[in-house]
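# Structure assessment
Here's the letter readout for the chains.
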Amino acid sequence: MTGSGPVDRVGRRRANIGLAAVFTLPALLCVAFLGVPLAALAWRGFGSGEFADNVTTSLVLDSLRLSAITSTITLAVAIIAGTPLAYLLATRRFPGKAAVDLLLDLPIVLPPTVAGVALLVALGRRGVAGRPLDAAGIDIAFTTTAVVLAQLFVSAPFYIRTAKAGFESIEPVYEGIASTLGASPLRTFFTVTLPLAWPSLVAGAILCWARALSELGATLIFAGNLQGSTRTMPLAIISAFESGKSIDVPIALSLILVGAAAVLLLLLRVLARGTPMRV
Amino acid sequence: MFRIDIQKRVGEFDLRPSFETGNELVVLFGPSGCGKSLTLQAVAGLLRPDAGSIILPGGVVAFDAAAKIELPPQSRNVGYVVQQLALFPHMTARQNIEFGIARWPAAKRRERVRHLVALLGLDGLEDRRPRQMSGGQQQRVALARALAAEPSLLLLDEPFSALETPLRSMLRREVGALRRRLELTALFVTHDLSEVHALADRVVIYDEGRVLQSGTREEVFRKPVSHRVAQLIEARNLIPGTIDAYVEGVAVVRTPWCTARIRDPEAPVRGSVYVCIRPEHVIVLRAGREAREGDAVVDTVIIEEVAMGNTHRLFMRALPLHTDLGEPYIFEVDVPAHPYEVLGIASRRDWRIALTSEHLSMVARSS
């Protein structure tokens, strides 16, 4: 901006100095508020010298294993079932599309406990769809399957939303040109559309995974809190607190979750920036 | 032989293109938003017409509403280059070119890519991605990709509009030469009249979804069929007059500023017309020199001039032959730099001009 002369610039810098002075204090308070609890967690967790012992308890190991397995399955199901939906929502018009869109937003804004109750009413032993399943000898509520379903309900919309935005951002001309070059619609989807949407798909997958990993309310209501089969890490933290023995185990669990979240977020930044797929 | 005659309604816009062509480069020319690009989309199969038919070279029926025939785009074998190129950004130049011939045997495919790379001067760029290439290089890759599967028809939608002028005229020449070498039928969309001059074997003049005129470039420029076509091809001088007589294929048209003799076997015998002549076909006469037999002569005064690089455009005012005949008429005259200097046009303002008879045409005037 060479057009704005030196006078303007000096003027703006002075104004900025005044503004910065006023804004710095609340900004620092904000950073401290977010940073201090996490720092305290790390200080207590690693400072006690017993982090390794706390992490190797069966409560922690079981929940860690269960969380890893269930969140991974959730992610896989969300991708396989959610990608076609995201693509259709982004590229086609169909009756009831607005309703589907709304349905996808609801789990994002609803309290997860509501999701848990809804799932229980639908798939619980005496639920709408659960009763015939029960008659067929299939039990869902309070099993590991229920954990996956609870996670899926609250986290899949994050993947579908992001993937949809990715598909929407692709100019239709790419698919048009691919078809004039002889590619069938399916080949066009896999060789052109999917690679072009890749950054969004990865971002959506990471958001979905993170949400599944932190899922608590819906799981507690629909799947219960049984060590080994439904007690994921967030539930293990609650259980460890309720047992009242020591605060060290919840701290260790929390630190693992903080670490996982940080890794996922870093991954998101790197993939969203450096991917060669970007247009 | 390529033939299109379709109707398509897009919102309020009514598209009804109709023309045919042999093995030529056809320029679809008209103002922005006149339906040229939509026509190409329909030919490529990306836009479904409401009615009519499209016959591709080789007699392939791509679309026929009456017979309920509609080939999907992937079965039409039409090469399509769009303005934004739409090179696949995640693929190298080679992968882009190979996209349309993925099913060919590997050896044949490699040979084809090698051939196209040589043909379009892309040596050494095969493994670059689109964003690692210049605009002109991307243009060539897009062209190679469209040509790879040996299409029967090439569609070019303002392919050079994003490029700088020197590169543009170079690629224009290359595309023209390439098309002749490959003996392809090509439809080339542009709103730039200079591309019509540079490229067209045949011109289709579009306006508001309709074809106003279609013919060889010479035909259209020599004899526009309407006032609107004359405007679009920038004939500039449209002089209102009346047919006075018609003798042996020559119409005598009287205007308030001159009388013109126009050879036109199909001319109407009487009526109101515009006499039509392009700025470059008007001659500024040296002092004392007589006009040729048959040319219309007008005495004028230069009222403004614009230097346009290698030519000067003069705005020359002519008074009516009788004061009660109306307003002065402003002729637009292009004089190349050399005659401009030799004649000493800058030295005085009164000049006699001649409207060369072989370049005169006329279009009907409703009044």
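Our subject in this report is the structure included herewith. Computed from a predicted model, the values in this text were never measured in an experiment.

### Notes on the overall build of chain A
Looking only at helices and strands, one finds 12 helices and 0 strands in chain A. The helix and strand sequence of chain A, counted from the amino end, reads α-α-α-α-α-α-α-α-α-α-α-α. Over its C-alpha trace chain A gives a radius of gyration of 24 Å, far above what one expects of a compact globule, namely 19 Å for 279 residues. Taken over the C-alpha atoms alone, chain A extends approximately 75 × 60 × 30 Å along its principal axes. Looking at chain A as a whole, 35% of its 279 residues are labelled buried. Within chain A, contacts between residues at least 6 apart in sequence are counted, and of these 76% link residues at least 24 apart.

### Looking at the environment of Gly33(B)
Tracing the chain through its elements places Gly33(B) in the loop between strand E4 (25-29) and helix H1 (36-44). Sequence separation between Gly33(B) and Ala198(B) is 165 residues; the distance between their C-alpha atoms is 22 Å.

### Looking at the nonpolar core
Within the largest apolar cluster, 153 residues are counted, with the highest numbers of intra-cluster contacts made by Ala150(A), Val27(B), Leu155(B), Phe188(B) and Val275(B). Those residues in contact with Leu155(B) that sit more than four places away from it in its chain are Leu40(B), Val43(B), Ala44(B), Val78(B), Gly79(B), Tyr80(B), Val81(B) and Leu187(B).

### As for the packing of helix H3 (residues 58-91) of chain A against helix H7 (residues 144-168) of chain A
Residues and elements named next belong to chain A. With their axes 7 Å apart at the nearest point, H3 and H7 run at an angle of 35° to one another. Here the hand of the crossing between H3 and H7 comes out right-handed. Residue composition of the contact of H3 with H7, grouped by class: 17 nonpolar, 9 polar and 2 charged.

### Focus: the sheet that holds strand E16 (residues 271-277) of chain B
Residue and element names in this part refer to chain B. An order of E15-E14-E13-E16-E22 is seen for the 5 strands of this open sheet, with the pairing classed as antiparallel. Each end of this open sheet is capped by a strand with a single partner; those strands are strand E15 (259-263) and strand E22 (361-364). Strand-to-strand twist in this sheet, taken as the mean axis angle between neighbours without regard to direction, amounts to 45°. Two elements, strand E14 (residues 250-254) and E15, share 5 bridges in a ladder whose sense is antiparallel. Pairing of Val-250 across the sheet is with Arg-263, part of E15.

### Things to note about the sheet that holds strand E18 (residues 296-307) of chain B
Residue and element names in this part refer to chain B. In spatial order, the strands read E17-E21-E18-E19-E20; together these 5 strands make up an open sheet with antiparallel pairing. At either margin of the open sheet sits one strand with a lone partner, and together these are strand E17 (282-285) and strand E20 (329-336). Strand-to-strand twist across the sheet, computed as the mean angle between neighbouring axes with direction ignored, equals 45°. Bridge count for E18 against strand E19 (residues 311-318) is 7 bridges, and the pairing is antiparallel. Opposite Glu-305, over in E19, you have Leu-314 as the bridge partner.

What counts, and where the lines are drawn
- Residues numbered from 1 in each chain as written.
- Chains lettered and ligands numbered in written order.
- Predicted model: local features only at pLDDT ≥ 70, side-chain atom pairs only at ≥ 80, totals over all residues.
- Helix = DSSP H or I, 4+ residues; strand = E, 2+ residues; numbered from the N terminus.
- Rg over C-alpha atoms; globule rule 2.2 N^0.38 Å.
- Buried ≥ 20, exposed ≤ 12 C-beta atoms within 10 Å, placed from the backbone.
- Contact = placed C-beta atoms within 7 Å.
- Core = buried A, V, L, I, M, F, W, Y, C linked by C-beta atoms within 7 Å.
- Axes fitted to C-alpha atoms, helices over the stretch in contact; angles between N-to-C directions.
- Left-handed = near helix turned anticlockwise from the far one by under 90°.
- Nonpolar A, V, L, I, M, F, W, Y, C, P; charged D, E, K, R; others polar.
- Pairing = 2+ DSSP bridges.

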